[in-house]
Amino acid sequence: MSAEFAERLLPRLPDLVADYGTPFHIYDARGIVATHEAMVRAFGDPSYRQYFAVKALPNLNVLALLRAAGSGFDCSSPVEVRLAETAGAQAGDIVFTANNTALSEYRAARAAGALITFDDRSFAEKVDELPETVAFRISPTGLAAGCALMGDAAHSKFGVPVRELADAYADAVARGARRFGIHGMTCANELDTGRAARAAADVIRHGARVAEAVGIELEYVNVGGGLGIPYHEDDKPIDFTAYAQEILAAREEFFGPGGPRILTEIGRYVTGPHGVLVTRVINRCRKGHEIVGLDASMSSLMRPAMYGAYHHISLPYAEGREIGRFDVVGALCENLDKFAVDRELPEPRDGDIALIHDTGAHGHAMGFTYNGRLRPAELMLTDGGDVVEIRRAETYDDYIATVRWGV
Ligand SMILES: *Cc1c(COP(=O)(O)O)cnc(C)c1O
């Protein structure tokens, strides 16, 4: 959670909690737009474009905010394409990067005028007519292969193996394709700027090699997303300016002056730090270790349970109390429904407001409704300082809306 967001949010949080109840996610519109704009400035190249990875925070209001700031959208399903279009995306504003993709999904992406990335040669072979611009995704290689969430080339389900890339493009040329891009998702939640930049440079290098081998001109290199954010208080944030400059230098090195446009499809880095999950302490108990129960469950934020991911937790109005160690838990009938294990916190009391930080990406979006624990509301703190509800909390009627009862 950025210092500016905390400064603007905390004074009014008790009122918001009284008005809206808990739990809810709240996002900082100013911070989201500022981050997007800083990224564009860091590249300082008019041909650069960032396409926000919709899956990170698929709320129309956030998408519209980013669109107004000039962002495109990275979509990986027809529903995400529709969301992007509803938020105002026009032809050329969408990149479609999916894997294990059905033919109908490529059609939907094409109808939306998206730049399509084929995850595999066989997928491109299946479409009757190739899109105007053809791009393939490179299988994780080199540095990207070290990334746990991606899998190495031998075990990953993503992308075309490097040694088959030239053949993939040659096939596309033989089928009449005339415009080309290349795609590489270089990492996931990577906090090492140099490593992220070198992995992106690897994609640029492979692009140059393949373009040369096949005799095509690459119009763009999409270096994907996957930049990390400082979830731990002592994590150092990515130096995005250094990242951008290293990528531009790699383009110069492998393509000379000019060269393909650089695209990114970053999600987490844009919105992650600009969201928090606001909850309240509802229980305290002791079972050999201390347990604090919140009124949110992993259905509102799956990352800690799913990946053992760290999210900072604070009790902003409990300063000065004795510090203890606590497991911070939700209510699902699953022992892994824990936001933190053995975490240092000021002595929590029933009714305390507890903030789970950095939930602006892959937070609400990954929510689910198991155990009848419904997804919470999403609020937005606008640039002007208003708070608006941009998605209401789910209700019992939502939960059963798809059930055919009494058939
Ligand atoms: C998830 C994903 C992204 C965004 O990743 P972040 O870590 O949120 O930046 C971009 N591209 C593809 C293909 C993805 O799967």
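Preceding this paragraph is the structure being described.
Residue indices follow the written sequence of each chain, beginning from 1 at its first position. For a predicted model such as this one, the threshold for reporting local features is a pLDDT of at least 70, and the threshold for listing and counting side-chain atom pairs is 80 or more; totals across whole chains, interfaces and linings nevertheless cover every residue. As a rule here, side-chain values come from all non-hydrogen atoms in the structure, and water together with hydrogens is ignored.

(A) Representation of the packing of aromatic side chains. Only Phe, Tyr and Trp rings take part, Trp by its six-membered ring, and two of them pair if their centres are within 6.5 Å. Stacked means planes under 30 degrees apart, edge-to-face means over 60, and tilted covers everything else. Following the criterion strictly, the structure yields 10 aromatic pairs and no others. Arranged with centres 5.9 Å apart and planes meeting at 70 degrees, the rings of F43 and F240 form a pair that is edge-to-face. Separated by 197 residues along the polypeptide, F43 in helix 3 (residues 29-43) and F240 in helix 10 (residues 240-255) bring together distant segments of the chain. Judged by relative accessible area, which is 2%, F43 ranks as buried. With a centroid separation of 5.0 Å and an interplanar angle of 80 degrees, the aromatic rings of F136 and Y169 are classed as edge-to-face. In this pair, F136 is assigned in strand 6 (residues 133-137) and Y169 in helix 8 (residues 165-174), connecting sequence segments 33 residues apart. Three exposure classes are used, based on accessible area relative to the maximum for each residue type with a 1.4 Å probe and protein chains only: buried under 20%, partly exposed in between, and exposed over 50%. Since its relative accessible area comes to 0%, Y169 is described here as buried. Chaining the aromatic ring pairs together yields one cluster made of F96, Y106, F118, F136, Y169 and F180. Two conditions define a charge located above a ring, namely a distance within 6 Å from the ring centre to NZ of Lys or CZ of Arg, and an angle within 35 degrees of the ring normal. Against the face of Y51 rests R49, its NZ or CZ located 5.3 Å from the ring centre. Going along the chain from the N terminus, every DSSP run of H or I of four or more residues is numbered as a helix, and every run of E of two or more is numbered as a strand.

(B) Structural detail: the site of the ligand. Any residue with a heavy atom lying within 4 Å of a molecule or strand is counted as near it. The immediate surroundings of the ligand are formed by 13 residues, with K55, G226, E265, R268 and H362 found nearest. A 3.5 Å cut-off defines polar contacts: any pair of N or O atoms within that distance qualifies, except that in protein one atom must be a possible hydrogen donor and the other a possible acceptor, and neighbouring residues in sequence count only when both atoms are side-chain atoms. At 2.9 Å from an oxygen atom of the ligand is found a main-chain nitrogen or oxygen belonging to G226. Using a 1.4 Å probe, the Shrake-Rupley method yields the accessible areas, and only the shown protein chains count as cover for residues. Here the ligand loses 89% of its free accessible area of 380 Å² to cover by the protein chains. Here a cavity denotes a set of grid points, spaced 1 Å apart and computed over the protein atoms alone, in which a 1.4 Å probe fits but from which it cannot get out, and a pocket denotes an open set meeting protein on both sides within 12 Å along at least five of seven lines; residues with an atom within 4 Å of a point are reported as lining. Those molecules having more than half of their atoms within 2 Å of a cavity or pocket grid point set are described as sitting in that cavity or pocket. For the ligand, the cavity whose grid points lie within 2 Å of the majority of its atoms is the largest pocket. Polar here means any residue other than Ala, Val, Leu, Ile, Met, Phe, Trp, Tyr, Cys and Pro, which are nonpolar, and Asp, Glu, Lys and Arg, which are charged; Gly is therefore polar. Taken together, the residues that form the shell around the ligand break down as 3 nonpolar, 5 polar and 5 charged.

(C) Looking closely at the pattern of salt bridges. Whenever a carboxyl oxygen of Asp or Glu lies within 4 Å of a side-chain nitrogen of Lys or Arg, that contact is scored as a salt bridge. Evaluated as defined, the whole model comprises 22 salt bridges. With its nearest N and O atoms 2.9 Å apart, the salt bridge here joins D93 to R49. Here R49 lies in strand 2 (residues 49-53) and D93 lies in the loop between helix 5 (78-86) and strand 4 (94-97), a separation of 44 residues in the sequence. Residue D93 shares its accessibility class with R49, and that shared class is buried.

(D) Examining helix 5 more closely. Of all the positions in helix 5, only E80, V81, L83 and A84 are classed as buried. Viewed end-on, helix 5 has its buried residues packed into an arc of 160 degrees, placing them on one side of the element. Of the exposed residues in helix 5, those oriented more than 90 degrees away from the buried face are V79, R82 and T86. As for helix 5, its buried residues are in contact with helix 4 (60-68), strand 3 (72-75), strand 4 and helix 6 (103-111). Trailing helix 5 by a residue or two, G88 shows a phi angle of about 110 degrees, which is positive. Starting at the helix axis, one direction is taken to each C-beta atom, and the arc is that of these directions. Any pair of residues with heavy atoms lying within 4.5 Å of one another is described as a contacting pair.

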